[in-house]
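Chain and residue survey
One letter stands for each residue in the lines below.
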Amino acid sequence: MQHPKPLPLMLEGKPHYTLSSYDPVDIDVYVPYITDSQVQSTLELMVRQEGGTMASLDDPAWVQTHFGPRQSRLSLLERARQALQSSVDEDVHLQALQQAEQKLAERLQQSVPHEYVDAQSQDLLDEVTAEFRRESMDLQQTLDSMGATKDDLVEFFHEKAQDMAECDAALMAFATARHIRMEPDQMASYLGLDDAEWEQAQRQMRAEGTLGTLMEQASLDKARNVVLHEAHVTYHHQTRAEAQALEASGQQEPHIPFDPLGSMAPHEASRGAQKGKDDSSGHPNLRLV
């Protein structure tokens, strides 16, 4: 019989967590195979976003007008494959990060206080509600179409918040034991700001009282990367035959990047970068059924 974990010791108003081990974690990462049909689907999406059809690719003038000089159907197919590969590489990295911190969380010796989980859950619910409002979408209508209720949504976010809180707690324990922290002179690079922008941001966050929270989150991110760097990773590469068999059975959906045009012609690259910036906050996938 598994006994409930004790609550953490509170030191200066903050919980103090420990782990059963600080050794490297073992993780298994799945690497999908990119099929020709996925590349074709990505190319079709790129063309539709430019207001064309696949027949438009037979017109060199249309292709070069919309995708830049010296572009052709063959070069766009290669661009589509590269965009897919970049998306898969990013997904694999995120998968490894998530597995590493989840494995670390299994070693947590204390339970996370309910109030921390409840606050995180409410933040997630508020975030997705605000996102639906910004997009002028009806949240209840979306839930109805999924066969889900508001209670299902609350339960979903509470479970996700529990996982997130436990992972953060494990990372806190790891960072404390290994003396990992983000130094102030590393923050500009971490945030993608120049020194002047970081100084301005610091002044604003000090006035708002949010600088400490940001520094703590940055230290957790640094610890998370250390955990992954030290992890024992086994990669399982999907074979071409496996991918094609799944596609034939309808179990594997085409892996299409959110913005495949982000790496295209210069006039499209800036639009892709801005779209990525706008969507960086994101919210959990609402697949409840």
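Residues numbered from 1 in each chain as written. Predicted model: local features only at pLDDT ≥ 70, side-chain atom pairs only at ≥ 80, totals over all residues. Heavy atoms only, no water.

Considerations on the environment of Glu247
The following threshold applies: A run of DSSP states H or I qualifies as a helix once it reaches four residues; a run of E qualifies as a strand once it reaches two. Both are numbered from the N-terminal end. Throughout, exposure labels follow a simple rule: accessible area from a 1.4 Å probe, protein chains only, divided by the maximum for the residue type, with under 20% read as buried, over 50% as exposed, and the rest as partly exposed. Pairs of N or O atoms within 3.5 Å make up the polar contacts considered here, provided that, within protein, one atom can donate a hydrogen while the other can accept it, and that residues adjacent in sequence are counted only when both atoms are side-chain atoms.
Among the structural elements, Glu247 can be located in helix α10 (residues 240-248). Its relative accessible area of 22% is what places Glu247 among the partly exposed residues. Expressed as a C-alpha distance, the spacing of Glu247 and Thr35, which sit 212 residues apart in the sequence, is 9.1 Å. Within the structure, the side chain of Glu247 is placed 2.7 Å from the side chain of Thr35, a separation counted as a polar contact.

Some words on the packing of aromatic side chains
In plain terms, the rule: Think of it this way: a Phe, Tyr or Trp ring, Trp meaning its six-membered ring, pairs with another when their centres are within 6.5 Å, and the plane angle makes it stacked under 30 degrees, edge-to-face over 60, tilted otherwise.
For the structure on display, the rule yields 2 aromatic pairs. Both rings, one in Phe156 and one in Phe157, keep their centres 5.4 Å apart while their planes meet at 65 degrees; by these two values the pair is edge-to-face. For Phe156, a relative accessible area of 21% translates into the label partly exposed.

Comments concerning helix α6 (residues 150-178)
Stated precisely, the cut-off is as follows: One less than the residue count of a helix, multiplied by 1.5 Å, gives the span that helix is expected to have. Contact definition: two residues touch when any of their heavy atoms are within 4.5 Å.
In a regular helix each residue adds 1.5 Å, so 29 residues correspond to 42 Å; α6 covers 42 Å between its end C-alpha atoms and thus fits that length. All of the buried residues along α6 are Leu153, Phe157, Ala161, Ala165, Cys167, Asp168, Ala169, Ala170, Leu171, Ala173, Phe174 and Ala175. Packing partners of the buried residues in α6 comprise α3 (73-105), α4 (114-134), α5 (139-145) and α9 (211-230). Positive phi appears at His179, one or two residues downstream of α6, with a value of about 55 degrees.

What to know about the nonpolar core
Basically, it comes down to this: For our purposes a nonpolar core is just a set of buried Ala, Val, Leu, Ile, Met, Phe, Trp, Tyr and Cys residues, chained together by side-chain atoms within 4.5 Å.
Ile27 and Leu104 are the most contacted members of the largest nonpolar core, which totals 53 residues. Counting residues per element, the ones that place at least two in this core are β3 (26-31), α1 (36-49), α2 (60-67), α3, α4, α5, α6 and α9. Among the elements that take part in this core, α6 stands out by supplying 11 residues, more than any other. Excluding anything up to four places from it in sequence, Leu104 contacts Leu19, Val25, Ala170, Leu171, Phe174 and Val227. Listed in part, the 10 residues of the second largest apolar core include Ala188, Ala201, Leu211 and Ala218.

A short note on the packing of α6 against α9
Heads up, the condition is: Note on geometry: axes are lines fitted to C-alpha atoms, helical ones only across the stretch in contact, with angles between N-to-C directions running from 0 to 180 degrees. Working rule for angles: under 35 degrees goes down as roughly parallel, over 145 as roughly antiparallel, 65 to 115 as roughly perpendicular, anything else as oblique. Each residue is assigned to one class: nonpolar for Ala, Val, Leu, Ile, Met, Phe, Trp, Tyr, Cys and Pro, charged for Asp, Glu, Lys and Arg, and polar for all the others, Gly among them.
Two elements in contact, α6 and α9, have axes separated by 9 Å at closest approach and are oriented at 80 degrees. Between α6 and α9, the crossing angle belongs to the class labelled roughly perpendicular. Between α6 and α9, the residues in contact are Asp168, Leu171, Met172, Phe174, Ala175 and Arg178 and Leu220, Ala223, Arg224, Val226, Val227 and Glu230, respectively. When grouped by side-chain class, the residues that make up the contact of α6 with α9 number 8 nonpolar, no polar and 4 charged.

Remarks on α4
One turn of an α-helix holds 3.6 residues; hence residues three or four places apart share an orientation. Applied cut-off: Think of the arc as the fan of directions from the helix axis to the C-beta atoms.
In this model α4 runs 30 Å from its N-terminal to its C-terminal C-alpha over 21 residues, within 8% of the 30 Å that 1.5 Å per residue would give. Buried within α4 we find Val117, Ser121, Leu124, Leu125, Val128, Glu131 and Phe132. The buried residues of α4 occupy an angular sector of 125 degrees when the element is viewed end-on, so they sit on one face. Residues of α4 that are exposed and angled more than 90 degrees away from the buried face: Glu115, Arg133 and Arg134. Looking at the packing, one finds that the buried side of α4 touches α5 and α6.

Observations concerning the confidence of the model for the chain
Heads up, the condition is: A score between 0 and 100, pLDDT records how confident the predictor is in each residue.
Averaged over all residues, the pLDDT of the chain is 86; the fraction at 70 or higher stands at 86%. Note on residues 256-289: pLDDT under 50 across the span, and 70 contacts to partners over four residues away in sequence or across chains.

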